[in-house]
Amino acid sequence: MRGWKIVGLALIVLVPSLVACTRQSAAVSQVAELVAQADAAPTPKLDWVECPESELSEYQCATAVVPIDYAQPNGATLSLAVIKQPAADPDRRIGTLFTAVGGPGGSGFKWASHGVLSSGEVARRFDVITFDQRGIGRSGQVRCFANTEEQHRFWSGFLLPPTSADQEAVAARNARELAAGCAAHSPVLLPHLTTVDAARDLDLLRRAVGETTMTYTGGSYASYLGEVYGALFGDRVRALQLGSMIDPDALTNDSRAQIADSAAGTEEVLAEFLRLCAEAGQPHCVFAGPTKTDAAALRTRNDAVLDRLRQGPIVVGQGAHTRSVTLTEVLPAHATMLYDTKEGWPALAELLTELERGPAGNPDAVQKILDAGGFAEDFLDAFTAISCADNSFGREPEQWPAMAAELTSTAPHYGAMWLYLRQACGAWPSAQGYPQRITGPWILRSDKPALLFNNRFDPVTPLTAARRAQQELVNARLVIVEGGYGHLVVSDCAGRLQEHYLVDLQLPAPGATCKPDKAPFAD
């Protein structure tokens, strides 16, 4: 009997190890197959021409033909729109730097139309290339509606978040409607919108420009694209510089936990916004009011505005000149304005002030702020389709209220909002699943470690996610911008470290930190 116990104990110890080894072996085999499929696809031919649009006149444009389904590399194809900023110093050109836009759902072409893709020594030494990722913009935009009128009707009535049982029932029906609409109007592309597919497109673009290795930079969702690329093609990486980090394991294997992290980050930055607003006072932060106040008083006023919106619209202005404002309009803008300390934080302070004033407020100011924020409807279609391809949610949108209640206990302002933005994933039409989707490991097996940046106070990709991403990549170095606020890293120090890394392949010392260029409300 004693010997049986020893054998039994040994089996108990060995079984988890065997299971882990089996899973790791399966993951390695899956990655090898995904890479082999990409390698079997024809190399796209890029015919560069000057972009015809006036706002893109400094760029060159091309189209890359890639497989829709990499399991059929010579089957049906998709045209990817690609845009290049040529190296400013071609005689000293190192190669090509690839980059991408966050979201998912952001357009590389739209980004390029607003300014340069890169500057300084990096722009002098590299051709910089970005693209509209599959399912976005000029690269087969996902369609979930018969026409733009239906699309606008749906998104303009979208409840984000619902605030009553009746609204929760409507939200569940809307989630099913959206999922069914995407399946009906994008049936061919929808099963092939994982980030794995985008990463394989990226590797085909590398081949198309004749690069033997990948030099890549990307932030926010584009950091996840870089993480997936590294997991698949680590031996082809020259340099991988990522920022505003997504935890790849959480996003892929525990989407609810990833949303909880994001919501907690938004709550933390809101607290900092209110604290720094109170410290700055007027005129730097208009929400601070004419007399000295503290963060607790501002939080009470902020919460009062949001509570009023949960009861119904706030009417700003009087008489014929008014603007009725809903919670669904304000809450996403409230969160996304925390991304940007330069323009977003002052705009949020002004929006809260005008909403608080109600009839005495300025409806034109409110309209201008809301027009500048929020999400474009094509972005929301693509965001939904790509997010639902990568997520791990169960297929039951009626469970969202219970999950939202859990999140609200720790993230009262933003937990439900971030969750309901993905409710369609609970009804997503993926009966066959996504066999190309990977779930780790995320170890970067490259000669050069990745370089990661993250602000200390990021409202959607918090520092906790960046630390976990560094651990999961293993071969990575994290630089924290201490005292950095917002979703974009704005720091001359970080820019210099990025330049040394991308140009010279020099890493900063372990534990290196940076400071932001300017504190919020400093103007």
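Residues numbered from 1 in each chain as written. Predicted model: local features only at pLDDT ≥ 70, side-chain atom pairs only at ≥ 80, totals over all residues. Heavy atoms only, no water.

Considerations on the sheet that holds strand β2 (residues 60–67)
Threshold: A pair of strands is considered paired only if DSSP assigns at least 2 bridges between the two. Going along the chain from the N terminus, every DSSP run of H or I of four or more residues is numbered as a helix, and every run of E of two or more is numbered as a strand. In what follows, a contact means two residues having at least one pair of non-hydrogen atoms within 4.5 Å. The axes used here are C-alpha line fits, helices contributing only the stretch in contact, and every angle between their N-to-C directions lies in the interval 0 to 180 degrees.
Taken in spatial order, the 10 strands of this open sheet run β1-β2-β3-β5-β4-β6-β7-β10-β11-β12, and their pairing is mixed. Each of the sheet's edge strands pairs with one partner strand only, and the pair in question is β1 (49–50) and β12 (513–514). Pairing geometry for strand β4 (residues 95–99) and strand β5 (residues 126–131), over four bridges, is parallel. Paired with Gly95 across the bridge in β5 is Phe126. Packed onto the sheet, helix α18 (residues 492–504) meets β4, β5, β6 (214–219), β7 (237–243), β10 (450–457), β11 (476–485) and β12 and runs at close to 165° relative to β7.

Some details on the state of the cysteines
Here is the rule we go by: When two cysteine sulfur atoms are found within 2.5 Å, that pair is recorded as a disulfide. Each residue is placed in one exposure class: buried if its accessible area under a 1.4 Å probe, protein chains only, is under 20% of its type's maximum, exposed if it is over 50%, and partly exposed if it falls in between.
Under the criterion given, the structure shown has five disulfides. Between the sulfur atoms of Cys144 and its disulfide mate Cys182 the distance is 2.0 Å. Linking Cys144 and Cys182, the disulfide has an S-S dihedral of approximately 90° and is accordingly described as right-handed. Highlighted residues: Cys144 in the loop between β5 and α4 (148–156) and Cys182 in helix α5 (residues 165–185), separated in sequence by 38 residues. By relative accessible area, which is 3% here, Cys144 ends up buried.

Describing the packing of aromatic side chains
Quick reminder of the rule: Only Phe, Tyr and Trp rings take part, Trp by its six-membered ring, and two of them pair if their centres are within 6.5 Å. Stacked means planes under 30 degrees apart, edge-to-face means over 60, and tilted covers everything else. Ring-over charges, as used throughout, are those where CZ of Arg or NZ of Lys falls within 6 Å of the ring centre and within 35 degrees of the ring normal.
By the definition in use, this model includes 15 aromatic pairs. Measuring from ring centre to ring centre gives 5.9 Å for Phe273 and Phe521, while their planes differ by 50°; the resulting arrangement is tilted. Taken together, the positions of Phe273 in helix α9 (residues 255–280) and Phe521 in the segment after β12 put the pair 248 residues apart, joining distant regions of the chain. Geometrically, the ring pair formed by Trp345 and Phe521 is tilted, given 5.7 Å between the ring centres and 50° between the ring planes. In this pair, Trp345 is assigned in helix α12 (residues 344–357) and Phe521 in the segment after β12, connecting sequence segments 176 residues apart. Residue class for Trp345 comes out buried when judged on its relative accessible area of 0%. Judged by its relative accessible area of 10%, Phe521 falls in the buried class. Members of the aromatic cluster, connected to one another through ring pairs, are Phe273, Trp345, Phe457, Tyr485 and Phe521. A cation sits over an aromatic face here: Arg301 above Phe287, 4.2 Å from the ring centre. The ring of Phe457 carries Arg456 above its face, with NZ or CZ at 4.2 Å from the centroid.

Some remarks on the pattern of salt bridges
Let me state the cut-off plainly: For this analysis, a salt bridge means a side-chain nitrogen from Lys or Arg found within 4 Å of a carboxyl oxygen belonging to Asp or Glu.
This structure, assessed with the given rule, holds 27 salt bridges. A salt bridge links Arg456 to Glu268; the shortest N-O distance between them is 3.3 Å. Of this pair, Arg456 sits in strand β10 while Glu268 sits in helix α9, and the two are 188 residues apart along the sequence. A relative accessible area of 25% means that Arg456 is categorised as partly exposed. Residue Glu329 pairs with Arg323 through a salt bridge whose shortest N-O separation is 2.7 Å. It is possible to trace a salt-bridge network through shared partners that takes in Asp89, Arg92, Glu121, Arg124 and Arg125.

Purely spatial values, then, with no claim about function.
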